[in-house]
Every structure is written in structure tokens, then in C-alpha cells.
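# Architecture at a glance
Given next are the chains, with one letter for each unit.
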Amino acid sequence: MKSELGLSAFPSPGRPDLGRVRDLFPIFSEPRRKKLVYLDSASTSQKPRLVIDAEADYYRTTNASVHRGNYELSAESTQLYEQARARVAAFVNAPAPESVVYVRSTTTAINTIANGLAHRLKPGDEILLTEMEHHANLVPWIMLAKRMRLSLRYIPVTEAGDLDLSMLNTLLTRKTRVVAITHLSNVLGTIVPVAEIARTAKQFGAVVVIDAAQAIGHMPLDFQAIGADLLAFSAHKCYGPPGLGFMIGAPEILDLLEPFEGGGQMIHKVFYDDATWAPVPQKFEAGTPNSGAAIAFPAALDLLEAVGLERIRAHERDLAGYTLEKLRALPSIKILGPLDPDKRGGLVSFYDEHIHPHDLATLLDERGVAVRAGHHCAQPLHRKLGLTASARASFGIYTTRDDIDALIDALHFARSYFTR
Ligand SMILES: Cc1ncc(COP(=O)(O)O)c(C=O)c1O
């Protein structure tokens, strides 16, 4: 299958042939997008032809309701859907295909986890988060804490943009029931030592939840090696379709969670006054799923594995280092997060002391450079940094140093626009 995808063109070892990688993404050869410098992959990645075709092929040839029809087409569709689940399990080294729950997104996964754990919590219990969480791994816990009178605690972010792990043993107590942390900050770019935190948190008996939304597809990720109980990510951030996410957990941990959404498919028996649940993972998969997206997603995983996660990490580290070097040479630009590219993933947030990030992004867009501006769904972190917003350049496997050069040129243009 891989040679069919044209992936054998990538030499190994060595740097990915970036020209060839970009060729796999139709948007970059779309006549209207010739000038596009896409630096917003942390919001959502562009889609390779392999994924677009896989989803279209499914609708053309195999579309039917999964797990419901007693006819050949539905059986085939179900088989592809379950094969895709097993493929995701292998990709993240989950203990079993049943460890993989299809959900809508990282956001849905974390809401499912928070609500699923509620019945095991009591007032006064503590949830430990970090100060660098995305709202998706913050607001569901705030909602739960309000509802159940839980106490939220936070691992602080240092001036250098790391987590202050010297606080961990103080912040963890015998009341800590859940530790929910990001693997890679979507604002600071910081790579969090999740395995180390998971190890310590487990000594306190806490359930450990990892938000891997920004890590997946950007670096090797091994669920069992991390040692967490649950992990969440979205397909759309790693070259797959939107509307598809994953909650990963050992089947015995998933068993402990109450289902969050009720409806068809997640039940064992239903009466007028009671219901029992299907085994995991179906217990969490109420309603008709996004089978087209699920079945197309393995094509993105094929691409990632063909290029190689280690090589992708090296490529994005190189881009981060190059971006930091270029931005640091601009006097009015301030960078958020660690200045050492070894400590960060493929994204760099920054601001210009004299230009509001929204104005900056609008001016960069005039030069075809697409960056994100705003609080990036991390208002408390921005508030802590004394900011309301920042600009963010984020990378994918198709990003090149030329893209960074275009960003720097556009920043000069923005500066000259405001000083003329
Ligand atoms: C760190 C982090 N967590 C969670 C999310 C939420 O992902 P989604 O919108 O796909 O649910 C994002 C999205 O930007 C993110 O960056």
C-alpha cells in the first residue's frame, strides 16, 4: 500500500525530501493558493491527497452505517472501521484495539473523561493541572470542580516557559484524584516530560490524563511508555480529517469511566426505566460515528510512519531553532516559551511590542503568511504572562525554511507599515 502512496520517494536515513512531502498536499499546488505560506498547523494541519482520496473512496465504494446493518456493505464498512481502530492502537502503542475510543475531538475526549470520572470523586478532592493548559483541558475540569466542589491546583510555569516540577511533590497530595496535563503547550511550545510526571502522580494514586493534541504526529508517542491512564488527541491536527478524535486508555481504566453520552450503539439493554452499557469501547460511542473520517485516518498514519516520527521531530526542531534565531534578531519581537529548540515542538508564539497581534496577523496575511493571533484558547496563561494575545507560527511536515523566511520578511513589512 505504501508504494502506491508514492511514499517510497523518501530516503531513509536523512532529512525528508520536503519538496516531495509538500507535493502530497494538494492545497500547495492549488492555483489560488500558490502564494500560501501556511504557518497555522497547530490549529489544524493541511490534508494529504492520500487522506482526501481515502475518505472520498470510502463514500464512493463502501459507505454504510457501521455496526448496524445485517448486509454485506455494512459488514465491509464495519470491518474497515475496526481495522482503522486497530491501526490507531498500533500507532500509539495502546494495549489493545479496545483501548481506542472514537470521539469527535480532543475536546470531546477530555469532557468524556472528566464526566466519566465524576462518580469516583467527592467534594474536596483535588485535580492537578498545569498553568499552560488549553481551554480543552481546563474548562471541563473547571465545570466539574464547580459542580462537585473539587479543588483545582496548578503546576506553575517558570519565566523560561518550563513547568516548575520542583513543586510537584507539594502539589500532589493524598486528595489528588486526577492529574491532567498537556504533552506540548500550544502557546509556549514547551515539551512536557509527561512520563516523569505520570510516574510521580501514579505514586499518589492519581488518574493521569494526557492532552496529546499538539504532540501527536510531531514526535514519537508511545502510550504505554508514557505510563498515563488516558490520552486524548484529534485527527485533524495530524493530517487526518476533522470531526474525529480519540480517547485512549487501557480497557480496565475505560471500564471505570461512566459513559458521558447516551444513545444508540452504547447500550447493552434498555428498558423504559433503566439501561445497561455495552462493553468498552462501544460504551462511549453513542450515535452514528464519523466512519468516513475514521476509515481515512490510517492513510495519515501511513504517511507519518513513512516519513518517520523521529525525522519529523528533527525537522520541526530545526524549524523552531531557525525561527527563534530569526525572531531574536528583530528588536521589537518578544518570544514566548523556551529559547532552546530541544525543549520545544514545532511552534513559536511571539508578539511585537508596538503592534497588536491581530493587526500583525492581518498584515502578515497581506503577504500570504497565515499565522494565528489571539489567546489560542489559553486565556489564563496569557493573563499570567501579562498579555491578552500573541501571534503564533506553527509547523507541519510540509513547512520549510523558506516559509520562515517569508514570515520574517512579512514581519519587516508590518513594522515598516506602522513606522512610515
Ligand atoms: C493543546 C491542545 N489541546 C486541545 C486542543 C483542542 O483540540 P480540538 O479543538 O481538536 O478538540 C487543542 C487545539 O488547539 C490544543 O492545542
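## Some thoughts on the overall build of the chain
- Secondary structure assignment for the chain yields 14 helices and 15 strands.
- The dimensions of the chain, computed from C-alpha atoms along their principal axes, are 75 × 55 × 40 Å.
- Within the chain, the proportion of its 420 residues that are buried is 57%.
- Put simply, 69% of the contacts in the chain that link residues at least 6 apart link residues at least 24 apart.

## What to know about the pairing of strand β15 (residues 390–394)
- Burial runs high along β15: five of the five residues are buried.
- Of the two faces of β15, the one holding Ser 390, Arg 392 and Ser 394 and the one holding Ala 391 and Ala 393 are both buried throughout.
- Across four bridges, strand β12 (residues 347–352) lies against β15 in antiparallel orientation. Each bridged residue has a counterpart across the sheet, and for Leu 347 the counterpart in β15 is Ser 394.
- Of the pairings in the sheet, the one linking strand β14 (residues 372–374) to β15 comprises three bridges and is antiparallel in character.

## Looking at the site of the ligand
- Among the 13 residues in the neighbourhood of the ligand, the closest are listed as Thr 107, Asp 211, Gln 214, Ser 234 and Lys 237.
- Contacts to the ligand include Thr 106, whose backbone N or O atom sits 3.4 Å from an oxygen atom.
- His 134 has a polar side-chain atom sitting 3.3 Å from an oxygen atom of the ligand.
- Its residues assigned to classes, the shell around the ligand comprises two nonpolar, nine polar and two charged.

## Observations concerning the pairing of β12
- Counted residue by residue, β12 has five buried out of six residues, so it is predominantly covered.
- Of the strand pairs in this sheet, strand β11 (residues 333–336) and β12 are connected by four bridges, and their pairing is antiparallel. Its bridge partner lying in β12, Ile 333 is registered against Asp 352.

## Notes on helix α5 (residues 139–148)
- Listed as buried for α5 are Pro 140, Trp 141, Leu 144, Ala 145 and Met 148. The buried residues of α5 occupy one face: seen down the axis, they fall within an arc of 135°. In α5, the exposed positions that point more than 90 degrees away from the buried face belong to Met 143, Lys 146 and Arg 147.
- A positive backbone phi angle near 55° is found at Arg 149, which sits one or two residues after α5.

## Observations regarding helix α4 (residues 106–117)
- Helix length check: α4 (12 residues) gives 17 Å between terminal C-alpha atoms against 16 Å at 1.5 Å per residue, within 8%.
- The element α4 is largely enclosed, with a buried count of 11 among its 12 residues.
- Among all positions in α4, only Thr 106, Thr 108, Ala 109, Ile 110, Asn 111, Thr 112, Ile 113, Ala 114, Asn 115, Gly 116 and Leu 117 are buried.

## Digging into the domain arrangement of the chain
- According to the domain assignment, the chain consists of domain 1 (3–47 + 309–419) and domain 2 (55–305).
- For domain 1 and domain 2, the distance between their C-alpha centres works out to 27 Å.
- Between domain 1 and domain 2, the residue contacts involve 39 residues of the former and 34 residues of the latter.
- Summed over both sides, the interface between domain 1 and domain 2 buries roughly 2,900 Å², with carbon and sulfur atoms accounting for 61% of that surface.
- It is Leu 309, Cys 377 and Leu 381 in domain 1 that bury the most area against domain 2; as a group they hold 21% of the surface buried on that side.
- Remark: the boundary between domain 1 and domain 2 carries two salt bridges.
- Between Lys 384 and Glu 131 there is a salt bridge, and its shortest N-O distance comes to 2.7 Å.
- One can count 22 residue pairs in polar contact (both at pLDDT 80 or more) joining domain 1 with domain 2.
- Those elements that provide at least two residues to the side of domain 1 that touches domain 2 are α11 (309–328), β12 and α13 (379–384).
- Across the side of domain 1 that touches domain 2, the residue classes tally to 18 nonpolar, 12 polar and nine charged.

## So, the packing of aromatic side chains
- Counted by the stated rule, this structure contains 12 aromatic pairs.
- Taking the centre distance of 4.8 Å and the plane angle of 75° together, the rings of Phe 25 and Tyr 398 count as edge-to-face. Of this pair, Phe 25 sits in the loop between α1 (18–23) and β1 (37–38) while Tyr 398 sits in the loop between β15 and α14 (401–419), and the two are 373 residues apart along the sequence. You'll find Phe 25 and Tyr 398 in the same group, each marked buried.
- Seen in terms of ring centroids, Tyr 102 and Phe 246 are 5.6 Å apart; in terms of plane orientation they differ by 50°. Their pairing is tilted. With Tyr 102 in strand β2 (residues 100–103) and Phe 246 in strand β8 (residues 245–249), the pair connects residues that are 144 residues apart, well separated along the chain.
- For Tyr 102, a relative accessible area of 6% translates into the label buried.
- A network of ring pairs unites the aromatic residues Tyr 81, Tyr 102, Phe 233, Phe 246 and Phe 297 as a single cluster.
- Its end group placed over the ring of Phe 413, Arg 367 keeps NZ or CZ at 3.9 Å from the ring centre.

Quick notes on the rules
- Residues numbered from 1 in each chain as written.
- Predicted model: local features only at pLDDT ≥ 70, side-chain atom pairs only at ≥ 80, totals over all residues.
- Heavy atoms only, no water.
- Helix = DSSP H or I, 4+ residues; strand = E, 2+ residues; numbered from the N terminus.
- Buried < 20%, exposed > 50% of the residue type's maximum accessible area, 1.4 Å probe, protein only.
- Contact = heavy atoms within 4.5 Å.
- Pairing = 2+ DSSP bridges.
- Near = heavy atom within 4 Å.
- Polar contact = N/O pair within 3.5 Å; in protein donor to acceptor, adjacent residues only side chain to side chain.
- Nonpolar A, V, L, I, M, F, W, Y, C, P; charged D, E, K, R; others polar.
- Arc of directions from axis to C-beta.
- Expected span 1.5 Å × (residues − 1).
- Domains from an automatic or database assignment.
- Buried area = accessible area lost by both parts, 1.4 Å probe.
- Salt bridge = Lys/Arg side-chain N within 4 Å of Asp/Glu carboxyl O.
- Phe/Tyr/Trp six-rings, centres within 6.5 Å; stacked < 30°, edge-to-face > 60°.
- Lys NZ or Arg CZ within 6 Å of the ring centre and 35° of its normal.

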